[in-house]
Amino acid sequence: MPYPRKLLNPHEEVAVDLHPHWWYYAKPVAVLVASIGFGILTLVVTDSGTRLRNIMGWLSLIFLVLTILWLIGRYMKWATTNFVITSDRLIFRQGVVAKQGVEIPLERVNTVHFSQSVFERMVGAGDLVIESGGEDGQQRFTDIRQPDRVQREIHTQMEENEKRRFTMPSGGGTDVASQLEKLEGMLERGTLSAAEFQAQKDKLLGS
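Residues numbered from 1 in each chain as written. Predicted model: local features only at pLDDT ≥ 70, side-chain atom pairs only at ≥ 80, totals over all residues. Heavy atoms only, no water.

Trainee: Give a description of the sheet that holds strand β2 (residues 82-86) that names residues and reports values.
Mentor: Taken in spatial order, the four strands line up as β1-β2-β3-β4 in an open sheet, and their pairing is antiparallel. Because the sheet does not close on itself, it has two edges, and the strands there are β1 (14-18) and β4 (100-105). The sheet shows a mean angle of 10 degrees between the axes of neighbouring strands, taken without regard to direction. As paired strands, strand β3 (residues 89-94) and β4 are joined by six bridges and run antiparallel to one another. Paired with Leu 90 across the strands is Ile 104, a residue of β4. (Pairing = 2+ DSSP bridges. Helix = DSSP H or I, 4+ residues; strand = E, 2+ residues; numbered from the N terminus. Axes fitted to C-alpha atoms, helices over the stretch in contact; angles between N-to-C directions.)

This is the structure:
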């Protein structure tokens with residue numbers, strides 16, 4: 001599912017909206033193949049009607065059902081996990097029933113690192129490590145698709161965000177109002193403290 005538009009600030013635009021890389025399914029799919037192989041092996045090496053076949057048959061069936069449930073759960077988690085880059089912030093959101101997430105304003109991002117093993121580079125997956133000036137300091141995001149491209153997009157949005165923050169158009173009353181709306185939204189979500197909100201508000205209003 002895409003990131004809900006109702007959670008965006010006024011005038012905020014989505015540049016990237018990603019679910020985890022398909023490698024996210026590697027473990028449950030591998031176990032599913034193994035459970036199917038175990039079932040086939042049971043049919044091949046045991047005789048029909050024997051107690052051994054019955055025991056191994058039930059074990060392989062239980063193994064298969066549990067693996068399918070694991071795969072379904074992994075899909076639901078994949079579908080509700082979003083790594084989003086907007087014109088204002090980075091957002092990581094996940095959870096099927098209980099939701100949890102991280103928001104990092106672009107102006108607080110200090111450095112963005114990506115890492116890939118040889119195999120991850122072959123399949124186009126990797127990790128992102130984002131260091132920011134917030135309380136969390138450093139955040140690692142795994143199973144990101146094309147992390148080098150995502151890193152470049154973050155830098156692009158950071159540059160555009162900085163230009164907007166330091167370029168105030170003439171007669172910018174409407175712009176000030178939209179900036180105040182963004183600040184209020186960040187305050188409500190806890191991204192800004194009350195002191196930071198007041199400081200940014202005073203700066204916008206020229207106090």
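Read on, since the account is not over.
Trainee: Account for the environment of Lys 27, with residues named and values stated.
Mentor: In this structure, Lys 27 sits in helix α1 (residues 26-45). With 20 residues separating them along the chain, Lys 27 and Leu 7 place their C-alpha atoms 32 Å apart.

Trainee: Break down the nonpolar core for me, citing the residues and quoting the values.
Mentor: Ranked by size, the top nonpolar core spans 17 residues in total, and within it Phe 83, Leu 90, Ile 130, Val 150 and Ile 154 carry the most contacts. When residues of this core are traced back to their parent elements, those giving at least two are β1, β2, β3, β5 (109-115), β6 (125-132), β7 (138-145) and α4 (147-166). Here this core gets three residues from one element, more than from any other, and that element is α4. Sequence-distant contacts of Ile 154, that is, excluding residues within four places in its chain, are made with Phe 83, Ile 85, Leu 90, Val 112, Leu 128 and Ile 130. (Core = buried A, V, L, I, M, F, W, Y, C linked by side-chain atoms within 4.5 Å. Buried < 20%, exposed > 50% of the residue type's maximum accessible area, 1.4 Å probe, protein only. Contact = heavy atoms within 4.5 Å.)

Trainee: Can you explain a nonpolar patch on the surface? Please cite residues and give values.
Mentor: A surface patch of nonpolar side chains, about 1200 Å² in accessible area, is lined by Trp 58, Leu 61, Ile 62, Val 65, Leu 66, Ile 68, Leu 69, Ile 72, Tyr 75, Met 76, Val 96 and Val 97. Considering the arrangement of structural elements, one finds Leu 66 in helix α2 (residues 51-79). (Patch = residues over 30% accessible without salt bridge, like charges linked within 9 Å, V, L, I, M, F, W, Y side chains within 5 Å. Areas by Shrake-Rupley, 256 points an atom, 1.4 Å probe, with all protein chains shown as cover. Salt bridge = Lys/Arg side-chain N within 4 Å of Asp/Glu carboxyl O.)

Trainee: An account of the pattern of salt bridges is requested, with residue identities and associated values reported.
Mentor: Where charged atoms from two side chains of opposite charge come close, those side chains can pair. For the coordinates displayed, the defined rule picks out three salt bridges. Put simply, Glu 12 and Arg 89 hold a salt bridge, and the shortest N to O gap is 2.7 Å. Of the two residues, Glu 12 is situated in the segment before β1 and Arg 89 in strand β3; the sequence distance between them amounts to 77 residues. Relative accessible area serves as the criterion here: at 7%, Glu 12 is assigned to the buried category. A salt bridge links Arg 89 to Glu 103, with the nearest nitrogen and oxygen atoms 2.9 Å apart. In this pair, Arg 89 sits in strand β3 while Glu 103 sits in strand β4, placing the two residues 14 residues apart along the sequence.

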